[in-house]
Amino acid sequence: MEIAYPISGATIPPSASALLERIAAALPAMRARAEPLDHAARFAAADVAEMRAVGCLVAPIPARFGGLGLGTEPAGASATLAMLRLIGAGSLAVGRVIEGHVNALRLVMRFGAPAQQRQAAADTRDGHLFALWIAEREPVLLTGAPHAPVLRGRKSFGSAVGAATRAIVSATDAAGDAWLVSVAADHPNVATEALAYPPQGMRAAGNGRITFHDVPGGVLGAPGDYLREPEFSAGAWRASAVASGGLDALIETACAQLRVQGRGTDPHQLARMGHALIARETASLWLHKAAHLAEGPTDSPDRQAYINLARIAVESAGLDALRLVQRSLGLAAFVPPNPIERLSRDLATLLRQPAPDEALTDGAAYYMQRDLPP
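Here's a quick rundown of the structure.

Considerations on a nonpolar patch on the surface
Inference 1: Where nonpolar side chains cluster on the molecular surface, the patch consists of Leu331, Phe334 and Val335 and spans about 320 Å² of accessible area.
Inference 2: Given a relative accessible area of 67%, Leu331 falls into the exposed group.

Next up, the structure:
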């Protein structure tokens with residue numbers, strides 16, 4: 001699975017506000033490329049390169065390494081949310097790739113040794129794209145941990161496959177302990193291939209399989225570290241932030257089409273769009289608090305529960321908006337190249353995060369025994 005994604009030095013943005021302005025300026029071109037990339041199921045290499053050029057790849061590394069700490073330091077919570085939401089509004093596939101990059105760097109900065117943190121920061125400044133490959137359908141075996149770790153086995157699904165040159169991989173040792181391992185994804189013993197049956201949406205995210213043939217790596221932290229709560233569940237808010245950007249794009253595009261068709265003042269359309277806007281704002285309010293709880297300097301006792309519920313709030317808002325938009329536009333919403341058709345597939349796919357029922361009931365169970373969230 002070959003993907004052309006050139007590596008060069010990453011731009012370091014002067015500030016979070018400057019970064020967000022640059023991302024906003026890049027969105028029209030990203031949206032114009034989205035349809036042909038989806039049609040060809042081709043990785044959004046030019047878009048990811050553009051995000052590198054504006055500073056997105058370097059922004060997550062901590063300030064002490066020359067970044068902005070977006071996703072890795074408490075002060076970056078609001079800007080991280082704004083960055084992921086903006087990119088999601090341009091392309092959910094690109095948002096998924098950048099969110100994986102942020103997530104991978106956060107894990108290195110949280111669990112890695114100082115030397116590993118410095119190396120990850122240096123790699124990021126050199127322009128390397130990180131991926132997070134933790135799907136567990138086919139467990140990867142780890143031997144030689146912790147001093148000489150080697151990976152063998154296959155990940156049945158990952159994003160940025162063939163494009164990411166660094167990756168954080170979950171693996172299991174012979175004793176059944178779960179580890180995180182940092183690897184060079186461009187190592188010659190890493191083989192990648194396209195999926196025989198690709199997902200319905202997110203076709204430009206570089207979805208594929210990864211096989212490790214005795215690939216050396218470095219373990220991050222102790223066994224089981226990355227599965228510990230509340231950190232494990234708290235990270236879900238970042239995928240929801242990307243999805244909220246897709247929700248923004250869906251509603252914006254639908255409203256524009258209704259106006260062009262002269263149906264923007266129809267009372268039935270106004271009612272549907274009103275409900276869609278309510279859903280979007282509801283998701284936004286949940287996300288803003290979730291971001292600050294997740295990234296805050298101290299662990300709030302309701303951190304995990306609130307973020308679980310926020311994730312479901314965003315999912316519900318997205319599914320409600322899909323129903324309303326598709327009813328408003330009718331069959332046209334299902335016929336390419338109408339961007340609504342692609343946006344609907346991408347958003348529906350991204351909203352399908354693992355264990356939604358468990359997230360909902362765990363969040364509800366916490367508040368059933370305590371005060372309701374303020």
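Some details on the environment of Leu285
Inference 1: Relative to the helices and strands, Leu285 resides in helix α8 (residues 267-295).
Inference 2: A relative accessible area of 54% means that Leu285 is categorised as exposed.
Inference 3: Sequence separation between Leu285 and Ala254 is 31 residues, and the spatial gap between their C-alpha atoms is 22 Å.

A look at the pattern of salt bridges
Inference 1: Taken as a whole, this structure holds 20 salt bridges when the rule is applied.
Inference 2: Of the charged contacts, one joins Arg31 and Glu252 as a salt bridge, the two residues approaching to 3.5 Å between their closest N and O atoms. Within this pair, whereas Arg31 is found in helix α1 (residues 16-40), its partner Glu252 is found in helix α7 (residues 236-260), the two being separated by 221 residues in sequence.
Inference 3: For Glu341, the salt bridge identified is with Arg345, shortest N-O distance 2.6 Å. Note that Glu341 and Arg345 are positioned in helix α10 (residues 339-350) at a spacing of four residues, about one turn of the helix.
Inference 4: Salt bridges sharing common partners tie together Arg106, Arg110, Glu231, Arg238, Glu295 and Arg303.

A closer look at the layout of surface pockets
Inference 1: Reported here for the largest pocket is a volume of approximately 1,300 Å³.
Inference 2: Forming the boundary of the largest pocket are 38 residues, of which Arg96, Ile134, Phe232, Gln353 and Pro354 lie nearest the centre.
Inference 3: Among the secondary structure elements, those contributing two or more residues to the lining of the largest pocket are α4 (92-111), β1 (130-133), β3 (150-158), α6 (231-234), α7, α9 (303-329), α10 and α11 (356-368).
Inference 4: Broken down by element, the residue count for the lining of the largest pocket peaks at five residues, all from α4.
Inference 5: Residue classes in the lining of the largest pocket are distributed as 17 nonpolar, ten polar and eleven charged.
Inference 6: Taken as a whole, the second largest pocket holds about 260 Å³ of empty space.

Details of the nonpolar core
Inference 1: Formed by 93 residues in total, the largest nonpolar core has its most connected members in Met51, Trp133, Leu151 and Phe212.
Inference 2: No other element matches α9, which puts twelve residues into this core.
Inference 3: The contact partners of Phe212, leaving out residues within four places of it in the chain, are Trp133, Val140, Leu151, Arg152, Gly153, Lys155, Val169, Val183, Asn189 and Val190.

Some points on unusual backbone geometry
Inference 1: Cis geometry marks the peptide bond from Ala145 to Pro146, where omega comes out at 0 degrees.
Inference 2: Checked against the element boundaries, Pro146 lands in the loop between β2 (141-143) and β3.
Inference 3: Look at the link from Pro336 to Pro337: it is a cis peptide, with omega at 10 degrees.
Inference 4: With respect to the helices and strands, Pro337 occurs in the loop between α9 and α10.
Inference 5: Phi angles above zero are rare outside glycine, and Ala160 is one such case at about 60 degrees.
Inference 6: Turning to its location among the elements, Ala160 is positioned in the loop between β3 and β4 (166-172).
Inference 7: Located in the positive-phi region is Asp214, a residue other than glycine, with phi close to 55 degrees.
Inference 8: Owing to a relative accessible area of 38%, Asp214 belongs among the partly exposed residues under this scheme.

Thresholds applied
- Residues numbered from 1 in each chain as written.
- Predicted model: local features only at pLDDT ≥ 70, side-chain atom pairs only at ≥ 80, totals over all residues.
- Heavy atoms only, no water.
- Patch = residues over 30% accessible without salt bridge, like charges linked within 9 Å, V, L, I, M, F, W, Y side chains within 5 Å.
- Areas by Shrake-Rupley, 256 points an atom, 1.4 Å probe, with all protein chains shown as cover.
- Salt bridge = Lys/Arg side-chain N within 4 Å of Asp/Glu carboxyl O.
- Buried < 20%, exposed > 50% of the residue type's maximum accessible area, 1.4 Å probe, protein only.
- Helix = DSSP H or I, 4+ residues; strand = E, 2+ residues; numbered from the N terminus.
- 1 Å grid on protein atoms, 1.4 Å probe; cavity = no way out; pocket = protein on both sides within 12 Å on 5 of 7 lines; lining within 4 Å.
- Points joined across faces, edges and corners; volume = space filled by probe spheres on them.
- Nonpolar A, V, L, I, M, F, W, Y, C, P; charged D, E, K, R; others polar.
- Core = buried A, V, L, I, M, F, W, Y, C linked by side-chain atoms within 4.5 Å.
- Contact = heavy atoms within 4.5 Å.

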